[in-house]
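Chain and residue survey
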Amino acid sequence: MTLTNQYPEISIVVPVFNEEKNIPELYDRLTKSAQSISSEYELLFVNDGSKDNTLSVLKKYSEDVHVRYISFSRNFGHQIAVSAGLNYCIGKTVVIIDADLQDPPELIKDLYVKLKEGYDVVYAKRKTRQGESYMKKTTAKLFYRILSKITSINIPLDTGDFRIISRKVVEILNKMPEQHKFLRGQISWVGFKQTFIEYDRAERIAGETGYTYRKMIRFALDGITSFSNFPLKFATATGFLFSIVSFFIMLYTLYSRFITRDYQPGWASLMITILFIGGIQLIGIGIIGEYISRLSDNVRNRPLYIIDESNCKNKD
Ligand code: UDP
Ligand code: MG
């Protein structure tokens, strides 16, 4: 982007975590794709604490004036990396895309054209997913089905974060203060005119997935707790149900003890009852704890991320 024009037509935000091998091809294909839209564009890479040479590769590419980068002090996670990209990008329209080329850069033009038909969000919906484990595909599918059942907002099925959004939506997202980002939920929540186009999702071309099962579980919990109080309601409902059942068992116990006087020293039943109720209470406390831990994170108000190095001059 030239300094004469402060606001490029399009920004492409790319979170990168250990992607040194993918960057050369990614850069070529993104550049071609962006140039087919406008000569005013920026590629904004967010290095999320990579352990390989991603940063030095990015620095090399930043000789191109269209390339900007932000480098975190450590790994903060994919959603935070994208959020930082949204904070720093300056384009009138913004694309979010993965660095591993599972999202084809050639599709950006189609997304852009669709957006210009008068939408604020156009996401890319996967028709197929290649090279991903059966486990990952089924857990993802199950998760989004459950999520759409228990939340009031409608998160489109079979989409990642690959999408184009207007500046208007970017500004709103930047004002949303939550610490536990679940961008695809937040983007759906803001409303406006949203649509999608379909594509076949490819295999990642090099490197390994940065989404371990641990990170996926965190991500799923963030999605549920940021958009639904269902777990809390569920805990309360089961609590009530079991209280009613225990009430009748208590009546029966008293009846056997004092009226029929037909009773055994009730060690077994006592233990079972105590364990059962105790278990239910623990589940309830656990669920409440999930929410409270997120509340306290938000109250703490720490910065979302820490930037170590960057060639972005627009902020700080
Ligand atoms: N990523 C990141 N931080 C992380 C994990 C991943 O910035 O902690 C980036 C990664 O470089 C890629 C994108 O997020 O550009 C999607 O990650 P990945 O391909 O590993 O996830 P998957 O496609 O397997 O769900
Ligand atoms: Mg991937």
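In short, a report on the structure. The structure presented is a predicted model; accordingly, all values stated were derived computationally and were not measured.

Moving on, we get to the site of ligand 1. Taken together, 19 residues surround ligand 1, and among them Glu19, Asp48, Asp100, Thr209 and Gly210 come closest. Contact distances for ligand 1 include 2.9 Å between an oxygen atom and a backbone N or O atom of Phe17. At a separation of 3.1 Å, an oxygen atom of ligand 1 approaches a polar side-chain atom of Asn75. Relative to its unbound accessible area of 520 Å², ligand 1 is 95% covered by the protein chains.

The pairing of strands in a sheet comes from backbone hydrogen bonds and takes either a parallel or an antiparallel form. Taken together, 8 strands build an open sheet; the order of strands is β7-β5-β6-β4-β1-β2-β3-β8 and the sheet is mixed. Only two strands of the sheet have a single partner each, and these edge strands are β7 (194-201) and β8 (307-310). Within this sheet the neighbouring strands show an average axis-to-axis angle of 20 degrees, counted without direction.

Where charged atoms of side chains with opposite charge meet at close range, the side chains can pair. Applying the stated criterion across every chain yields a total of 10 salt bridges. Here Lys59 ties to Glu309 by a salt bridge, and the two come within 2.6 Å at their closest N and O atoms. Here Lys59, found in helix α2 (residues 54-61), pairs with Glu309, found in strand β8; they are 250 residues apart in sequence, far enough to count as distant. The class for Glu309 is partly exposed, based on a relative accessible area of 26%. The partner of Lys168 in a salt bridge is Asp120, with the nearest N and O atoms 3.6 Å apart. Of this pair, Lys168 sits in helix α6 (residues 167-175) while Asp120 is found in the loop between α4 (108-116) and β5 (121-129), placing the two residues 48 residues apart along the sequence. On the accessibility criterion, Lys168 (44% relative accessible area) is partly exposed. Because the salt bridges share partners, they merge into one network encompassing Glu9, Lys92 and Lys116.

Conventions adopted
- In this numbering scheme, every chain counts its residues from 1 along its sequence in written order.
- Just so you know, chain letters begin at A and ligand numbers begin at 1, following the order they were written in.
- Side-chain atom pairs in this predicted model are given and counted only at pLDDT of 80 or more, local residue features only at pLDDT of at least 70, and totals for whole chains, interfaces and linings cover all residues.
- To obtain the side-chain values, all non-hydrogen atoms of the structure were included, while hydrogens and water were left out.
- Near, as used in this document, describes a residue that has one of its heavy atoms within 4 Å of the molecule or strand being considered.
- N or O atoms within 3.5 Å of each other form a polar contact, as long as, within protein, one can give a hydrogen and the other can take it, and as long as residues adjacent in sequence are counted only when both atoms are side-chain atoms.
- A 1.4 Å probe and the Shrake-Rupley method give the accessible areas. Residues count as covered only by the protein chains that appear here.
- In short, DSSP must find at least two bridges between two strands for them to pair.
- The way it works is that DSSP assigns letters per residue, a run of H or I at least four long becomes a helix, a run of E at least two long becomes a strand, and they are numbered from the N terminus.
- Helix axes use the C-alpha atoms of the stretch in contact, all axes being lines fitted to C-alpha atoms, and the angles between their N-to-C directions lie in the range 0 to 180 degrees.
- Salt bridges are counted wherever a side-chain nitrogen of Lys or Arg sits within 4 Å of a carboxyl oxygen of Asp or Glu.
- Throughout this description, buried means an accessible area under 20% of the type-specific maximum (1.4 Å probe, protein chains only), exposed means over 50%, and partly exposed covers the range between.

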